[in-house]
Amino acid sequence: MPDRAALGGRLTLVIGGARSGKSAHAERLVTACPAPWAYVATAQAYDDEMRERIALHRSRRGEGWTTIDAPLDLVGAIEALPDGRPVLVDCLTLWLTNHVLAEHDVEAECRGLADVLSRPRGPWFVVSNEVGQGIVPDNALARRFRDAAGRLNQQVAAVSDTVLLMVAGLPLKVK
Ligand SMILES: Nc1nc2c(ncn2[C@@H]2O[C@H](COP(=O)(O)OP(=O)(O)OP(=O)(O)O)[C@@H](O)[C@H]2O)c(=O)[nH]1
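None of the values given here were measured: they were computed from a predicted structure.

## Some details on the overall build of the protein chain
Part 1 of the argument: Scanning the protein chain for helices and strands turns up seven helices and seven strands.
Part 2 of the argument: In sequence order, the secondary structure elements of the protein chain are arranged as α-β-α-β-α-β-α-β-α-α-β-α-β-β.
Part 3 of the argument: A compact globule built from 175 residues would reach a C-alpha radius of gyration of about 16 Å, and the protein chain, at 15 Å, matches this within 12%.
Part 4 of the argument: For the protein chain, the spread of C-alpha atoms along the three principal axes comes to 50 × 35 × 35 Å.
Part 5 of the argument: Looking at the protein chain as a whole, 41% of its 175 residues are labelled buried.
Part 6 of the argument: Surface exposure of the protein chain reaches about 9100 Å², of which carbon and sulfur atoms provide 55%.
Part 7 of the argument: In the protein chain, 20 positive and 21 negative side-chain charges are present, and the distance between their average locations comes to 4 Å.

## A word on the sheet that holds strand β6 (residues 162-167)
Part 1 of the argument: Ordered by their spatial adjacency, seven strands build an open sheet running β3-β2-β4-β5-β1-β6-β7, and the pairing between neighbours is mixed. The sheet terminates laterally at β3 (65-69) and β7 (170-173), the two strands that pair on one side only. Here the average twist between neighbouring strands, direction ignored, is 25 degrees.
Part 2 of the argument: Bridge count between strand β1 (residues 11-16) and β6: five bridges; the pairing is parallel. In the sheet register, Leu13 faces β6, and the bridge partner there is Val163.
Part 3 of the argument: Strands β2 (37-41), β3 and β4 (87-90) of the sheet are contacted by helix α3 (residues 48-61), whose axis makes an angle of about 150 degrees with β3.
Part 4 of the argument: This element, helix α5 (residues 92-101), spans β4 and β5 (124-129) of the sheet and lies at about 65 degrees to β5.

## Some remarks on the site of the ligand
Part 1 of the argument: Taken together, 20 residues surround the ligand, and among them Arg19, Lys22, Ser23, Arg53 and Asp90 come closest.
Part 2 of the argument: In the environment of the ligand, a nitrogen atom lies 3.0 Å from a nitrogen or oxygen atom belonging to the backbone of Ala43.
Part 3 of the argument: At 3.0 Å, a side-chain N or O of Asp69 approaches a nitrogen atom of the ligand.
Part 4 of the argument: In isolation the ligand has 670 Å² of accessible area, and contact with the protein removes 90% of it.
Part 5 of the argument: Elements that contribute at least two residues to the shell around the ligand include exactly α2 (22-31), β2, α3 and β3.
Part 6 of the argument: By residue number, the principal contributor to the shell around the ligand is α3, which donates five residues.

## Overview of the packing of α5 against helix α7 (residues 140-159)
Part 1 of the argument: In the contact formed by α5 and α7, the axes pass within 10 Å of each other and the chain directions differ by 135 degrees. Between α5 and α7, the crossing angle belongs to the class labelled oblique. Pair α5 / α7 crosses with right-handed handedness. Contacts from Leu92, Thr93, Trp95, Leu96, Thr97, Val100 and Leu101 of α5 reach α7 at Leu141, Arg144, Phe145, Ala148, Ala149, Leu152 and Val156.
Part 2 of the argument: Grouping the constituent residues of the contact of α5 with α7 by class yields eleven nonpolar, two polar and one charged.

## Concerning the nonpolar core
Part 1 of the argument: Formed by 29 residues in total, the largest nonpolar core has its most connected members in Leu74, Leu96, Leu113 and Leu117.
Part 2 of the argument: Secondary-structure elements contributing two or more residues to this core are β1, β2, α4 (74-80), β4, α5, α6 (106-117), β5 and α7.
Part 3 of the argument: Within the second largest apolar cluster, 15 residues are counted, among which are Tyr39, Trp65, Phe125 and Leu164.

Rules used in this analysis
- Residues numbered from 1 in each chain as written.
- Predicted model: local features only at pLDDT ≥ 70, side-chain atom pairs only at ≥ 80, totals over all residues.
- Heavy atoms only, no water.
- Helix = DSSP H or I, 4+ residues; strand = E, 2+ residues; numbered from the N terminus.
- Rg over C-alpha atoms; globule rule 2.2 N^0.38 Å.
- Buried < 20%, exposed > 50% of the residue type's maximum accessible area, 1.4 Å probe, protein only.
- Areas by Shrake-Rupley, 256 points an atom, 1.4 Å probe, with all protein chains shown as cover.
- Lys, Arg positive; Asp, Glu negative; His and termini not counted.
- Charge placed at Lys NZ, Arg CZ, Asp CG, Glu CD.
- Pairing = 2+ DSSP bridges.
- Axes fitted to C-alpha atoms, helices over the stretch in contact; angles between N-to-C directions.
- Contact = heavy atoms within 4.5 Å.
- Near = heavy atom within 4 Å.
- Polar contact = N/O pair within 3.5 Å; in protein donor to acceptor, adjacent residues only side chain to side chain.
- Parallel < 35°, antiparallel > 145°, perpendicular 65-115°, else oblique.
- Left-handed = near helix turned anticlockwise from the far one by under 90°.
- Nonpolar A, V, L, I, M, F, W, Y, C, P; charged D, E, K, R; others polar.
- Core = buried A, V, L, I, M, F, W, Y, C linked by side-chain atoms within 4.5 Å.

Remember that the coordinates give geometry; whether it matters functionally is a separate question.
Here is the structure:
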């Protein structure tokens, strides 16, 4: 196992805007650890565009990966993984979207996730979107989502050893 400190510690949050290169960078970090790697996907393929994106991701990942679908029960999926298995969770924002749309108790879900991520296991790499830098959305659901995403990112960043902000494909170490 490579030096944990060199990999960024037990938990690394990779955060950025859409197409900032966060998934690819997080994959590079995970594959610096010995295989096998676990990919925990929170996306659901509702249409052809999403199906195509997912197929691209799968072909990019190649061998050595096990994919686990966890659109809602991310805590259960993480807890079920064997100790020491390098894990990539992609991404928190879609997981949050799924809970918001299902009208679940989003605050409780986020607390539960931050709690499991704060446990001394890993190496874990978690991808999330930095949202909310544009103008205030004009509908209440989007505002609620934006606020919940900001709070979730803060909670996860607080328990992370390393936080990387992706800008134009480049990682900026913010923690
Ligand atoms: N269900 C499922 N989803 C996957 C799989 N592979 C990737 N995804 C999803 O694909 C999503 C990321 O895709 P993109 O929209 O291309 O990436 P992005 O995060 O906008 O862009 P980048 O910042 O460049 O990574 C993540 O939410 C993953 O959950 C898979 O095998 N199964």
